Amino acid sequence: MLDGTERVGVLGVTVPRDDELAASRAKNLASLAAVLLISKRPHSDSYARLVRTRPLTLSAEVLWNLLPPGTFATEEMVVSAALEPAYDVGGDAYDFGLDGRTLRLAVFDAMGHDTSAGLTATLAIGAFRNSRRLGEELPETAEAVDAAIQEQFTGRFATGILAELDIGTGMLSWVNRGHHPPLVIREGRLVATLQGVPDPPMGLGLGAETGLLSYQLQPRDRLLLYTDGVIEAQSPDGELFGLERFIDFVVRHEADGLAAPETLRRLIQAILKHQRGRLQDDATVLTVEWRNTQHAHGLVL
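Keep in mind it's a predicted model, so treat the numbers as computed, not measured.

A.B. asks: Before we go on, may I ask you to explain the sheet that holds strand S13 (residues 283-290) in this structure?
C.D. replies: What holds strands together in a sheet is hydrogen bonding between their backbones, with the strands either parallel or antiparallel. If you walk across this open sheet you meet the six strands as S3-S4-S13-S12-S9-S10, and the pairing is antiparallel. Two strands close off the open sheet at either side, each with one partner strand: strand S3 (71-73) and strand S10 (189-193). Averaged over all neighbouring strand pairs, the angle between strand axes comes to 20°, with direction disregarded. Pairing geometry for strand S9 (residues 183-186) and S10, over four bridges, is antiparallel. In the sheet register, Leu 183 faces S10, and the bridge partner there is Thr 193. Helix H8 (residues 260-274) rests against S3, strand S4 (77-84), strand S12 (222-226) and S13 of the sheet, and its axis sits at about 20° to S4.

A.B. asks: Whenever I open this one, the packing of helix H7 (residues 243-255) against H8 confuses me. Can you help?
C.D. replies: When two helices pack together, their arrangement is given by the angle between the helix axes and by the axis-to-axis distance. Put simply, H7 and H8 touch, their axes get as near as 10 Å, and they point 145° apart. The two elements H7 and H8 meet at a crossing, and its hand is right-handed. When H7 is examined against H8, the residues Arg 245, Phe 246, Phe 249, Val 250 and His 253 are found in contact with a partner set consisting of Thr 263, Arg 266, Leu 267, Ala 270 and His 274.

A.B. asks: Help me understand the sheet that holds strand S6 (residues 102-110), please; the structure alone is not making it clear to me.
C.D. replies: Strands sit in the order S5-S6-S7-S8-S11 across an open sheet of five strands; the sheet is antiparallel. The outermost strands of the open sheet, each flanked by one partner alone, are strand S5 (92-99) and strand S11 (213-216). The sheet shows a mean angle of 15° between the axes of neighbouring strands, direction not considered. Set on the sheet, helix H5 (residues 138-152) makes contact with S6, strand S7 (158-166) and strand S8 (171-177); between it and S8 the angle comes to about 30°.

A.B. asks: Would you mind showing me how to read the side chain of Asp 282 here?
C.D. replies: With respect to the secondary-structure elements, Asp 282 resides in the loop between H8 and S13. Within the structure, the side chain of Asp 282 is placed 3.2 Å from the backbone nitrogen of Asp 92, a separation counted as a polar contact. Dropping the residues within four chain positions of it, Asp 282 is found in contact with Glu 84, Pro 85, Asp 88, Val 89, Gly 90, Gly 91, Asp 92, Thr 227 and Gly 229.

A.B. asks: Would you mind showing me how to read the packing of helix H4 (residues 115-133) against H5 here?
C.D. replies: One way to put it is that H4 packs onto H5 with a least axis distance of 8 Å and a crossing angle of 140°. When the axes of H4 and H5 are compared, the pair comes out oblique. Relative to H5, the crossing made by H4 is right-handed. Contacts between H4 and H5 involve Thr 120, Leu 123, Ala 124, Ala 127, Phe 128, Ser 131 and Arg 132 from the first element and Glu 140, Thr 141, Ala 144, Val 145, Ala 148, Ile 149 and Gln 152 from the second.

A.B. asks: How do you make sense of the nonpolar core when you look at a structure like this?
C.D. replies: Side chains that are nonpolar tend, in soluble globular proteins, to be buried together. Counting residues in hydrophobic clusters, the biggest one holds 48 residues, and the most contacted among them are Leu 103, Leu 105, Phe 108, Leu 162 and Leu 286. Sort the elements by how many residues they give to this core and S6 lands first, with six residues. Beyond its immediate sequence surroundings of up to four residues, Leu 103 is in contact with Met 77, Val 79, Phe 96, Gly 97, Leu 98, Ala 163, Glu 164, Leu 165, Ile 167 and Val 288.

A.B. asks: Is there a simple way to explain the pairing of S8 in this structure?
C.D. replies: The side chains of a regular strand alternate, first on one face of the sheet and then on the other. Where burial is concerned, most of S8 is hidden: six out of the seven residues are buried. Bridge count for S7 against S8 is six bridges, and the pairing is antiparallel. Note that in S8 the partner of Gly 160 across the bridge is Arg 177. In this sheet, S11 lies alongside S8 in antiparallel orientation, the contact comprising four bridges. Across the sheet, the residue bridging to Trp 174 is Leu 213, located in S11.

A.B. asks: I'm lost on the packing of aromatic side chains in this one. Help?
C.D. replies: Two numbers describe a pair of aromatic rings. These are the distance of the centres and the angle of the planes. Under the criterion given, the structure shown has three aromatic pairs. With 6.1 Å between their ring centres and 75° between their planes, Phe 108 and Phe 128 make a pair best called edge-to-face. In this pair, Phe 108 sits in strand S6 while Phe 128 sits in helix H4, placing the two residues 20 residues apart along the sequence. The exposure class of Phe 108 is buried, given its relative accessible area of 0%. Between Arg 245 and the ring centre of Phe 241, over which it is positioned, the NZ or CZ distance is 5.3 Å.

A.B. asks: Is there a simple way to think about the pattern of salt bridges in this case?
C.D. replies: Two side chains of opposite charge can pair, provided their charged atoms sit close to one another. Evaluated as defined, the whole model comprises 15 salt bridges. Asp 146 is the partner of Arg 177 in a salt bridge, and the nearest nitrogen-oxygen pair spans 4.0 Å. Placement of the pair is Arg 177 in strand S8 and Asp 146 in helix H5, with a sequence separation of 31 residues. Across the pair, Asp 146 and Arg 177 agree in class, each one buried. Residue Glu 289 is joined to Arg 222 by a salt bridge in which the shortest nitrogen-to-oxygen separation is 3.7 Å. Here Arg 222 lies in strand S12 and Glu 289 lies in strand S13, a separation of 67 residues in the sequence. Judged by relative accessible area, Glu 289 falls into the buried class, the value being 12%. For Arg 222, a relative accessible area of 4% corresponds to the buried category. Here the salt bridges do not stand alone but share partners, grouping Arg 220, Arg 222, Glu 289 and Arg 291 into one network.

Rules used in this analysis
Residues numbered from 1 in each chain as written. Predicted model: local features only at pLDDT ≥ 70, side-chain atom pairs only at ≥ 80, totals over all residues. Heavy atoms only, no water. Pairing = 2+ DSSP bridges. Helix = DSSP H or I, 4+ residues; strand = E, 2+ residues; numbered from the N terminus. Axes fitted to C-alpha atoms, helices over the stretch in contact; angles between N-to-C directions. Contact = heavy atoms within 4.5 Å. Left-handed = near helix turned anticlockwise from the far one by under 90°. Polar contact = N/O pair within 3.5 Å; in protein donor to acceptor, adjacent residues only side chain to side chain. Parallel < 35°, antiparallel > 145°, perpendicular 65-115°, else oblique. Core = buried A, V, L, I, M, F, W, Y, C linked by side-chain atoms within 4.5 Å. Buried < 20%, exposed > 50% of the residue type's maximum accessible area, 1.4 Å probe, protein only. Phe/Tyr/Trp six-rings, centres within 6.5 Å; stacked < 30°, edge-to-face > 60°. Lys NZ or Arg CZ within 6 Å of the ring centre and 35° of its normal. Salt bridge = Lys/Arg side-chain N within 4 Å of Asp/Glu carboxyl O.

This is the structure we're talking about:
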């Protein structure tokens, strides 16, 4: 069952005959069941209890109600995100929204692993959405997040990447506030680490000097944003999951033709396995595949 590109669940049916009519009716039934689930789930505590295997912490309860779906797609791009642990979220968060021909997205990593970290991340998402919906540019939006955190907390901060993608041309713009640089995967290999002198984390009121950066994506490029819980995941023997292993994992599964949501699901499972099922830090990945095959560098191909 699907809600657009979000996987809602799986429906099994028993039919007297496996033919085209039965398949059509099963498909229609699955579509109807998905609509009913999506329309009821935001307001149903029964549904929430049913799908949870254990209780959420307070910060996780607050944050998950703010996060957008894990997958969103149009003909021109696919956005997928994964965040672990699901039941005990600390300071990681992600957000995205489509405004006409512009995709706006962000990944945040707030200081700490407690309820205050979750509240800091929640505040970052709220300030990000509020500022972008007011029409502010990325540098001003980052400053709005900085001011919001500083106003509510003393000594708290969040690193992050705030980005915009023109889905017509593939031009990517971003600001880096003390975060790991984005990565670009093309045709099964890493082609760019989007370096730049990062500005200070948000919440400290230190301002920004580097500001807006830009990069031209090519059709079928995959952009990766991530938090340190991915590459710094540590095994009981002290071995880090590492950037090279992370990139290799994504590249190999992309070459196998897996969809982005399935690649991220398997990545999270690999990180959990590396740490014997116990994360020391939140691990978040957000990926965007730009599918536009009509334009590159503004020219018709």
